[in-house]
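A structural walkthrough
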Amino acid sequence: MSVVCIGEILIDQVVSAYGERQSLPGGAPANVAVALSRLAVPVAFVGAVGNDAWGQCLAQMLQSHGIDSQGLQVCDAPTRVVEVHCAANGDRTFGGFIGGPTTAFADAQLAPEPWRSQPLQSASALVTGTLGMAYPTTRATMNAAATAVKGYGGKLIIDVNWRPTFWPDPDAAITILLPWLQQADVLKLSVDDALALFQTADLSALVTEFPGSEILLTDGTRGCQYALSRQVGQVPAFAIAAVETTGAGDAFLAGMIYQLIAHNWHFANPSQATKAVQFANAMGALTTLKPGAIAAQPTVDELLDFLHTYTDQAWTIRRV
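Residues numbered from 1 in each chain as written. Predicted model: local features only at pLDDT ≥ 70, side-chain atom pairs only at ≥ 80, totals over all residues. Heavy atoms only, no water.

1. Looking at the overall build of the protein chain
Of the regular secondary structure elements, the protein chain holds 10 helices and 13 strands. For the protein chain, the C-alpha radius of gyration of 18 Å lies close to 20 Å, the compact-globule estimate for 320 residues. Expressed along its principal axes, the backbone C-alpha trace of the protein chain runs to roughly 50 × 50 × 40 Å. The buried share among the 320 residues of the protein chain stands at 56%. A separation of at least 24 residues holds for 71% of the contacts in the protein chain among residues at least 6 apart in sequence. A distance of 6 Å separates the average location of the 16 positive side-chain charges in the protein chain from that of its 26 negative side-chain charges. (Helix = DSSP H or I, 4+ residues; strand = E, 2+ residues; numbered from the N terminus. Rg over C-alpha atoms; globule rule 2.2 N^0.38 Å. Buried < 20%, exposed > 50% of the residue type's maximum accessible area, 1.4 Å probe, protein only. Contact = heavy atoms within 4.5 Å. Lys, Arg positive; Asp, Glu negative; His and termini not counted. Charge placed at Lys NZ, Arg CZ, Asp CG, Glu CD.)

2. Re the pattern of salt bridges
A complete count under the given rule lists six salt bridges for this structure. Between arginine 80 and aspartate 107 there is a salt bridge, with its nearest N and O atoms 2.8 Å apart. Here arginine 80 is found in the loop between strand 5 (68–75) and strand 6 (81–86), whereas its partner aspartate 107 is found in the loop between strand 7 (92–97) and helix 3 (117–121), with 27 residues between them in sequence. Residue arginine 80 shares its accessibility class with aspartate 107, and that shared class is buried. (Salt bridge = Lys/Arg side-chain N within 4 Å of Asp/Glu carboxyl O.)

3. With respect to the packing of helix 8 (residues 248–262) against helix 9 (residues 270–287)
Running from amino to carboxyl end, helix 8 crosses helix 9 at an angle of 150 degrees, the nearest separation of the two axes being 7 Å. Here helix 8 is positioned roughly antiparallel relative to helix 9, judged by the angle of their axes. Judged by the sense of rotation from one axis to the other, the crossing of helix 8 with helix 9 is right-handed. Here Ala248, Ala251, Phe252, Ala254, Gly255, Met256, Tyr258 and Gln259 of helix 8 come into contact with helix 9, specifically with Ala276, Val277, Phe279, Ala280, Asn281, Met283, Gly284 and Thr287. When its residues are assigned to classes, the contact of helix 8 with helix 9 shows 11 nonpolar, five polar and no charged. (Axes fitted to C-alpha atoms, helices over the stretch in contact; angles between N-to-C directions. Parallel < 35°, antiparallel > 145°, perpendicular 65-115°, else oblique. Left-handed = near helix turned anticlockwise from the far one by under 90°. Nonpolar A, V, L, I, M, F, W, Y, C, P; charged D, E, K, R; others polar.)

4. What about the sheet that holds strand 11 (residues 214–218)?
As summarised here, the arrangement of the nine strands in space is 5-4-1-8-9-10-11-12-13, forming an open sheet in which the pairing is mixed. Lying at the two open borders of the sheet, with one neighbouring strand each, are strand 5 and strand 13 (231–235). Each neighbouring strand pair of the sheet contributes to a mean axis angle of 15 degrees, computed without reference to strand direction. With four bridges connecting them, strand 1 (residues 2–6) and strand 4 (residues 43–50) associate as parallel partners. If you follow valine 3 over to strand 4, its bridge partner there is valine 43. Against the sheet, helix 4 (residues 136–151) touches strand 1, strand 8 (123–128) and strand 9 (155–159), its axis set at about 155 degrees to strand 8. (Pairing = 2+ DSSP bridges.)

5. Some thoughts on unusual backbone geometry
For alanine 40, which is not glycine, the phi torsion reads 65 degrees and is therefore positive. Residue position: alanine 40 is located in the loop between helix 1 (28–38) and strand 4. We note that arginine 230 has phi near 65 degrees; this positive angle belongs to a residue other than glycine. Following the sequence through the fold, arginine 230 ends up in the loop between strand 12 (224–228) and strand 13. Arginine 230 gets classed as exposed once you look at its relative accessible area, which sits at 89%.

What is shown is where atoms sit, not what they do.
See the structure below:
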C-alpha cells in the first residue's frame, strides 16, 4: 500500500545570512513525499504547478525520485516562489511571494480530477497540511481526498503549518482549520503552531482538543512530545550544529510515517514509541545539515550511519 501526499509544491528562494540566494524545490507535502521515497515507501504526490520552467523543474524532480506524479496538475497560474530568509544559526523566516499575491499561484487552484479514485483507494495514508486550506478550490479538493481515503480505511495525517502570509484573511483561518484538524488520525504540529492557533502548547490540552488523533508536538532543538497509542512521552533532539532548518519538520514527519506503517499504526509499549520518535528526530536532524528542504533529505545509508553514531541501539530499515 502506498502513501499519497497532497498539497503545495513550490520553489523556496533561500536567502542566506550573507545575502546569497538559491532557488530550491520545496513545499511541505512534496518534502514529505521525497523523504518517504528515500525510505523506500511507495508514494504518490498530488498538487499543482504552473506551465512554466519552475513547474517543469518540479515535475522532473518528483519523477527523478520515483514518485508517482500522475496527480500533478499543470495550471495557467504560475508556480509559487517563496522567499525564505536564513539566520546564521540555521533558523528561517518566510518572506513574501515572488510573482503575485498569495491567491495567484497554481497550488491555490488544485482541482478534483479522475486520478483520485485509484491512488486513494489503495492508500494506507493521505498526508497533507494546512496551507492549501487557505484557498477554496484547493480546500475542496483536500477535503474530498480526505473523505475518500478515510472511507477506504486509510489514515489522514495532517501537518499544521501556520503561515499567516499564505492566508488572504488570517483571522478566518481558525474557523476553517479546526474542523479540518479534528478529522486527523495523526496530527503533527510545532509548539509555535500550537501557541499561535490554540494559545497553548500543553500536550494534555491538545489531546483533549483532538481526542481522535495521535499527536506529535515538536519543539526544535528541544525535541518532541508525543501522545501515541495512548502513551505519552518526550524524546530529546539530537545536539548538532544546524546549517539550515527548512524541511526538518517534514523529514521528521516522514520518519514517523515510516515507523507507524512498520508498526501497523500501533506501538505496543513506551519503548517502541520512544524509539520511533528517535528515528524521526534523526531524520529531521540530518536535514538541517544541508541547505534546501528536498536536497537535504537523508538517504537510508546516511540515516543508518547517523543512528549508529548517535544512539546505542540496533537499527534496520526495510521496505514497508
